[in-house]
Amino acid sequence: MSTGYHIAVVGATGAVGTKMIEMLEKTTLPIKKITLLASKRSAGKTLVFKNEPLVIQELTADSFAGVDIALFSAGGGISKQFAPEAVKHGAVVIDNTSHFRMDPNVPLVVPEVNPHALAQHKGIIANPNCSTIQMMVALEPIRQKVGLSRVLVSTYQAVSGAGAQALAELTRESQELLAGKAADELNPEILPAGSDKKHYPIAFNALPQIDVFAEEDYTYEEWKMINETKKIMEDTQIKVAATCVRIPVFSGHSESIYIETKDHASVEEVRQWISEAPGAVLQDDPSQQVYPQALTSVDKTETFVGRIRKDLDVENGLHLWVVSDNLLKGAAWNSVQIAESLHQQGLVHV
């Protein structure tokens with residue numbers, strides 16, 4: 001690590017932070033130094049980068065001296081407080097929280113879809129919601145060819161998106177139910193939203209609530225998908241609605257997406273466009289029961305698309321099934337891809 005960028009990872013010990021470190025090991029981005037930052041509680045511990053142990057440092061306002069690119073994944077409050085400090089020190093921030101996503105001065109970027117937006121950055125770039133990212137990768141090749149007028153998405157989201165405590169809750173509840181405990185004796189503490197009034201079991205269940213409820217009885221997760229889609233596509237007129245559901249899967253978000261295109265497209269054409277699209281993998285052969293699955297998406301950086309079929313009643317209606325690893329393409333890998341794109345476009349000054 002002698003030439004290249006000095007990169008900081010904020011929230012290095014978290015589920016996404018550790019994945020960011022893994023992705024940085026695989027990136028083509030030139031790296032000269034890695035700084036791992038976390039809370040005071042984690043300071044002094046070590047993590048490994050390319051077989052080299054790195055000591056985790058406590059995050060402070062002065063942690064970003066000499067840093068070129070800072071990857072943040074430590075919660076919105078941390079980003080709000082420390083991202084501006086990183087920018088003051090000359091770093092470009094790639095933030096994986098929701099804090100800056102809808103800020104009109106902050107680009108919201110999926111590199112396969114809108115890398116041009118990076119040129120407008122003022123020091124901070126937002127990583128979209130995990131469910132939004134994979135949907136954008138799947139829909140962009142269709143939008144480029146025939147346009148989109150409407151998107152209806154129902155998500156089937158993995159528990160890892162809610163953090164390590166939620167994963168532990170899923171494991172504990174599953175074990176207790178299998179051991180004969182009644183569902184009303186499970187004492188859930190995290191899901192569907194840690195900050196909400198009630199909690200429900202996730203084991204052997206499906207919870208139609210991710211985050212807390214907001215305007216019009218949509219959850220914040222649903223509003224994120226709606227608003228982020230319009231911002232990324234630079235299209236305030238497109239009709240978007242979402243229903244977000246947490247299911248008892250460890251990793252890998254799945255989505256059932258219905259779209260209406262502006263111009264006609266055959267299933268064969270859509271399959272061809274997706275097979276040629278960057279970041280997308282076509283898995284679509286009903287005759288052989290080939291389609292994307294959450295289990296087989298884990299530890300892969302691509303977005304998998306299948307079950308492509310015409311709507312039976314709407315002329316320009318199409319249905320798709322889209323799956324991706326929410327911790328990788330939905331978070332860590334997309335962040336590293338943004339850094340790669342910044343480098344390719346010459347938008348980081350060292």
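Residues numbered from 1 in each chain as written. Predicted model: local features only at pLDDT ≥ 70, side-chain atom pairs only at ≥ 80, totals over all residues. Heavy atoms only, no water.

A. Quick peek at the overall build of the chain. Of the regular secondary structure elements, the chain holds eight helices and 14 strands. Its C-alpha radius of gyration of 20 Å places the chain within 12% of the 20 Å reference for a compact globule of 350 residues. Dimensions of the chain along its principal axes, counting C-alpha atoms only, are 60 × 55 × 40 Å. When contacts within the chain are restricted to residue pairs at least 6 apart in sequence, long-range pairs at least 24 apart make up 66% of them. (Helix = DSSP H or I, 4+ residues; strand = E, 2+ residues; numbered from the N terminus. Rg over C-alpha atoms; globule rule 2.2 N^0.38 Å. Contact = heavy atoms within 4.5 Å.)

B. Looking closely at the sheet that holds strand β10 (residues 239–246). Here six strands make up an open sheet; going across it, the order is β10-β9-β11-β14-β13-β12 and the pairing mixed. Where the open sheet ends on each side, the last strands, each with one partner, are β10 and β12 (280–282). Across the sheet, the mean angle separating the axes of adjacent strands is 25° when strand polarity is ignored. Where β12 lies against strand β13 (residues 303–310), three bridges are found, and the strand directions are parallel. (Pairing = 2+ DSSP bridges. Axes fitted to C-alpha atoms, helices over the stretch in contact; angles between N-to-C directions.)

C. Seen up close, the state of the cysteines. Taken as a whole, this structure holds zero disulfides when the rule is applied. As a non-bridged cysteine, Cys130 has Cys244 as the owner of its nearest cysteine sulfur, 8.9 Å distant. Looking at Cys130, the relative accessible area reads 15%, which means it is buried. (Disulfide = S-S within 2.5 Å. Buried < 20%, exposed > 50% of the residue type's maximum accessible area, 1.4 Å probe, protein only.)

D. Quick look at the sheet that holds strand β7 (residues 92–95). Pairing is parallel in the open sheet, where six strands are placed in the order β5-β2-β1-β6-β7-β8. Taken across any chain shown, the strands that pair with only one partner, and hence form the sheet edges, are β5 (57–58) and β8 (124–126). Here strand β1 (residues 5–10) runs beside strand β2 (residues 31–38); their pairing, made up of six bridges, is parallel. When the sheet's bridge partners are listed, Tyr5 is paired in β2 with Ile31. Most of the contacts of helix α1 (residues 15–26) go to β1, to which it runs at about 155°, and overall it touches β1, β2 and β6 (69–72).

E. Local environment of the packing of α1 against helix α8 (residues 328–344). Orientation of α1 relative to α8, taken along the N-to-C sense of each, is 50°, at an axis distance of 9 Å. Comparing the axis directions of α1 and α8 gives the class oblique. For α1 against α8, the interelement crossing comes out right-handed. For the pair α1 and α8, the contacting residues are Val16, Lys19, Met20, Met23 and Leu24 in the first and Leu328, Ala331, Ala332, Trp333, Ser335 and Val336 in the second. Here the contact of α1 with α8 is built from residues that sort into nine nonpolar, one polar and one charged. (Parallel < 35°, antiparallel > 145°, perpendicular 65-115°, else oblique. Left-handed = near helix turned anticlockwise from the far one by under 90°. Nonpolar A, V, L, I, M, F, W, Y, C, P; charged D, E, K, R; others polar.)

F. Molecular detail of the packing of aromatic side chains. Applying the stated criterion to the full structure yields three aromatic pairs. Taking 5.4 Å as the distance between ring centres and 55° as the angle between the ring planes, the aromatic pair formed by Tyr156 and Trp321 counts as tilted. Of this pair, Tyr156 sits in strand β9 (residues 148–157) while Trp321 sits in strand β14 (residues 317–324), and the two are 165 residues apart along the sequence. Judged by relative accessible area, which is 32%, Tyr156 ranks as partly exposed. (Phe/Tyr/Trp six-rings, centres within 6.5 Å; stacked < 30°, edge-to-face > 60°.)

G. Structural context of the pairing of strand β4 (residues 52–55). Taken together, the four bridges between strand β3 (residues 46–49) and β4 define a ladder with antiparallel strand orientation. Paired with Thr46 across the two strands is Val55, which belongs to β4. Counted between consecutive antiparallel strands, the loop separating β3 from β4 contains two residues, among which Lys50 sits at a positive phi close to 50°.

H. Quick peek at the UniProt feature "domain: Semialdehyde dehydrogenase NAD-binding" (unreviewed entry) in the chain. UniProt feature "domain: Semialdehyde dehydrogenase NAD-binding" (unreviewed entry): in the numbering of this structure it lies at residues 6–121. With 22% helix and 27% strand, residues 6–121 has end C-alpha atoms that lie 19 Å from one another. (UniProt positions renumbered as here; feature names shortened; annotations may be inferred.)

I. View of the nonpolar core. By size, the foremost hydrophobic cluster in this structure holds 54 residues, and its most contacted members are Phe64, Phe72, Leu139, Val151, Ile259 and Leu320. Sort the elements by how many residues they give to this core and helix α3 (residues 130–146) lands first, with eight residues. In this structure, Leu29, Ala38, Val92 and Ala339 belong to the second largest nonpolar core, which totals 36 residues. (Core = buried A, V, L, I, M, F, W, Y, C linked by side-chain atoms within 4.5 Å.)

J. Here's a closer look at unusual backbone geometry. A cis amide bond, omega 10°, links Leu191 with the succeeding residue Pro192. For Pro192, the location among the structural elements is in the loop between α4 (164–178) and α5 (220–233). One non-glycine residue, Glu216, adopts positive backbone phi at about 60°. A relative accessible area of 67% places Glu216 in the exposed class. Backbone geometry at Arg307 places phi at a positive 50°, although glycine is not the residue there. Along the chain, Arg307 falls in strand β13.

K. Structural context of the pattern of salt bridges. The final tally for this structure, using the stated rule, is 13 salt bridges. The salt bridge partner of Lys224 is Glu221, with a shortest N-O separation of 3.8 Å. Placement of both Lys224 and Glu221 in helix α5 is noted, with a separation of three residues, approximately one turn of the helix. Using a relative accessible area of 5% as the deciding quantity, one classes Glu221 as buried. A network of salt bridges, in which partner residues are shared, links Glu169, Arg172, Glu176 and Lys181. (Salt bridge = Lys/Arg side-chain N within 4 Å of Asp/Glu carboxyl O.)

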